[in-house]
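Breakdown of the fold
What follows is the residue order along each chain.
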Amino acid sequence: MSLMHASSPHAHGPTATSRVMAWVLAATLPGIAVLCWHYGWGVLFNLAFACMAGVTLEALLLTLRDRPVSFFLKDNSALVTCVLLAVSLPPLAPWWLVLTGVIAAIVVAKQLYGGLGQNPFNPAMVAYALLLISFPVEMSRWSAPDGFVLGFSDSLAQFFGLISTPDALTGATPLDTFRNKGELSTAEFWANPTLLPAANLLAWQQIAIAWGLGGLVLLAKRLITWHIPVAVLGSLAVMSGIFYVIDGSQHASPVFHLLCGAAIFGAFFIATDPVTAATSNKGKLYYGVGIGVLIYLIRTFGAYPDAIAFAVLLMNFSVPFIDYYTQPRSYGHKKARRGIKLEDKA
Amino acid sequence: MSEYLLILISTILVNNFVLVQFLGLCPFMGVSNKLESAMGMSLATTFVLTLSSMCAYLTYHYILAPLGLEYLRTIAFIMVIAVVVQFTEMVVKKTSPLLYQVLGIFLPLITTNCAVLGVALLTLNRNSSFMEATLYGFGAAVGFSLVLVLFAAMRERLAVADVPRPFQGPAIAMVTASLMSLAFLGFSGLVQI
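Residues numbered from 1 in each chain as written. Chains lettered and ligands numbered in written order. Predicted model: local features only at pLDDT ≥ 70, side-chain atom pairs only at ≥ 80, totals over all residues. Heavy atoms only, no water.

We now examine the overall build of chain A. Helix and strand content of chain A: 15 helices and zero strands. Radius of gyration (C-alpha) of chain A: 22 Å, near the 20 Å computed for a compact globule of 346 residues. For chain A, the C-alpha atoms occupy an extent of roughly 85 × 50 × 45 Å along the three principal directions. Within chain A, the fraction of its 346 residues that count as buried is 52%. Looking at chain A alone, contacts between residues at least 24 apart form 77% of all its contacts between residues at least 6 apart. Charge separation in chain A, taken as the distance between the mean sites of 20 positive and 16 negative side-chain charges, equals 18 Å. (Helix = DSSP H or I, 4+ residues; strand = E, 2+ residues; numbered from the N terminus. Rg over C-alpha atoms; globule rule 2.2 N^0.38 Å. Buried < 20%, exposed > 50% of the residue type's maximum accessible area, 1.4 Å probe, protein only. Contact = heavy atoms within 4.5 Å. Lys, Arg positive; Asp, Glu negative; His and termini not counted. Charge placed at Lys NZ, Arg CZ, Asp CG, Glu CD.)

Right, let's talk about the interface of chain A and chain B for a bit. Accessible area lost when the parts come together is the quantity often used to give the size of an interface. Counting residues at the interface gives 39 residues for chain A and 37 residues for chain B. Between chain A and chain B, roughly 3,200 Å² of surface is buried when both sides are summed, and carbon and sulfur atoms account for 74% of that area. Taken together, the connections running from chain A to chain B amount to three salt bridges. In this structure, the salt-bridge partner of Arg157(B) is Asp323(A), at a minimum N-O distance of 2.8 Å. At the junction of chain A and chain B, the tally comes to seven residue pairs in polar contact (both at pLDDT 80 or more). Secondary structure elements with two or more residues in the side of chain A that touches chain B: α6 (123-134), α14 (281-301) and α15 (308-326) of chain A. In terms of residue count, α15(A) provides more of the side of chain A that touches chain B than any other element does, 12 residues in total. Residues that form the side of chain A that touches chain B fall into these classes: 27 nonpolar, seven polar and five charged. (Buried area = accessible area lost by both parts, 1.4 Å probe. Salt bridge = Lys/Arg side-chain N within 4 Å of Asp/Glu carboxyl O. Polar contact = N/O pair within 3.5 Å; in protein donor to acceptor, adjacent residues only side chain to side chain. Nonpolar A, V, L, I, M, F, W, Y, C, P; charged D, E, K, R; others polar.)

A few words on the confidence of the model for chain B. All names here are of chain B. Confidence in the prediction of chain B, expressed as mean pLDDT, is 88, and 98% of residues score 70 or more. Averaged over each element, pLDDT in chain B is lowest for helix α5 (residues 97-103) (76) and highest for helix α8 (residues 130-158) (93). Quick note on the complex model: pTM equals 0.89, ipTM equals 0.89. (pLDDT = per-residue confidence, 0-100.)

Per the UniProt record, the feature "transmembrane region" (unreviewed entry) sits at residues 6-31, 43-65, 71-92, 99-121, 133-151 and 171-191 of chain B. Secondary structure over residues 133-151 of chain B splits into 100% helix and 0% strand, and the C-alpha atoms at its two ends are 27 Å apart. (UniProt positions renumbered as here; feature names shortened; annotations may be inferred.)

Take the side chain of Thr123(B) next. Residue and element names in this part refer to chain B. You can see Thr123 is positioned in helix α7 (residues 114-125). Residue class for Thr123 comes out buried when judged on its relative accessible area of 6%. Apart from the residues lying within four places of it in its own chain, the contact partners of Thr123 are Ser128, Ala133 and Tyr136.

Residues and elements named next belong to chain A. For chain A, the domain assignment lists domain 1 (16-171) and domain 2 (173-325). Once you take the C-alpha centre of each, domain 1 and domain 2 turn out to be 21 Å apart. Each partner contributes residues to the interface: domain 1 has 34 residues there, and domain 2 has 28 residues. Of the roughly 2,700 Å² buried where domain 1 meets domain 2, counting both sides, 80% is carbon and sulfur surface. For the domain 1 face of the interface with domain 2, the top three residues by lost area are Trp23, Asn122 and Met125, together amounting to 19%. Summed over the shared surface of domain 1 and domain 2, the number is zero salt bridges. (Domains from an automatic or database assignment.)

This is the structure we're talking about:
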């Protein structure tokens, strides 16, 4: 009996890691462009410095670990981590804040666990959460987008701490403002435009929509599946919808929750990280719903106005457990018994 | 009623005994190598912790306080916990050999779990009622179980990761626990108790 050789053409899969990462980088461009338009040069300095520091640290750590440096650097994953971290940082962040974040992301959250593919926590979000807890003042230095934007040289001087940031320049994010509205009802809050300038609101909405466009590119290129973004945004909308219907005078509308924070950015770019997200489609839905619900709970009842980082980290932490219970049955086998096995020890 | 819910949320998430108050770290590190054994430990701890916080409350308020022996509370609670653990072990062994197989080896370990003693002492400081003390113990146990099981699932994954040699084993587990603790800080401010 002779074995038939299947002849070519064989399908060729061009989705190498470096290509995927390059597309993710490309998909961040609309968001970055709108961020720069509203917040000026600071965003670009954060980006450039984070990428430079990130790639250097990655190369250093790979050398220390005796791994092929150029092979791993070419996969662009360090760049993606640094870009995602840099766009989450406030535009008036000083250089040492960026550097601390990059060290936490690349050294602790990524290389200590064995590099790309083995890190249980999203590196960019580890860094963000760490910075938010350690340096709350610096992490709230968002400039007010309606006003005056620093020029190139002033931004550079500010980045390196040569001039101090004028306080008048900084403004709270919409979620922050809403959280601190105190006794005001929602209607009174919106009726008073001095609390939340329309330009500020508009800027955040435009940024969110730009991230959404980038996310759609990722979906169209099939680099991510619909499950996680839909689950995150859907559960956030449902949660905020329920509370809005119950007590509209104290809780913000679903639209506000979806558009006036990092929800869309988080749903498309952060939560979908293939390494730290759940693997099966069912698992992805559980994971996404968990993130959405946690975002709403922490935003509304917790101490932090935007909760993407904590929600993602908490669900990252649950991912091995979710994967354990949502592993699909393999064809021809019975469904595996999970949990405590009694008869094994009997 | 909402008071009870707040106690549960506070003990499970906001003031999680392992990740926020750093009590009960020995079983958290020691029994988290395998998911199955972590689940067994969680069940046993939940049972004993709830029971022992009830017993400790009764002991303090009906024996120690009337006799003016409050200063003996630490020793008394250690005794109570040991008795509860032994009692549970005997009852479970006689009535349900199957359950004993699951919980058996973990029961003696619970005596040395500082979270159990911690709960008994902390409920005293909070001046709680009997029902609150019970819920406090139950919530603490559920919080402990939650992080123990999730951590065990994560450690099974870490066991096959290409971790640099100096960080293999307990070192990377400690780093992971610290990152989990970082994530749990997100719950701070959720409820004030």
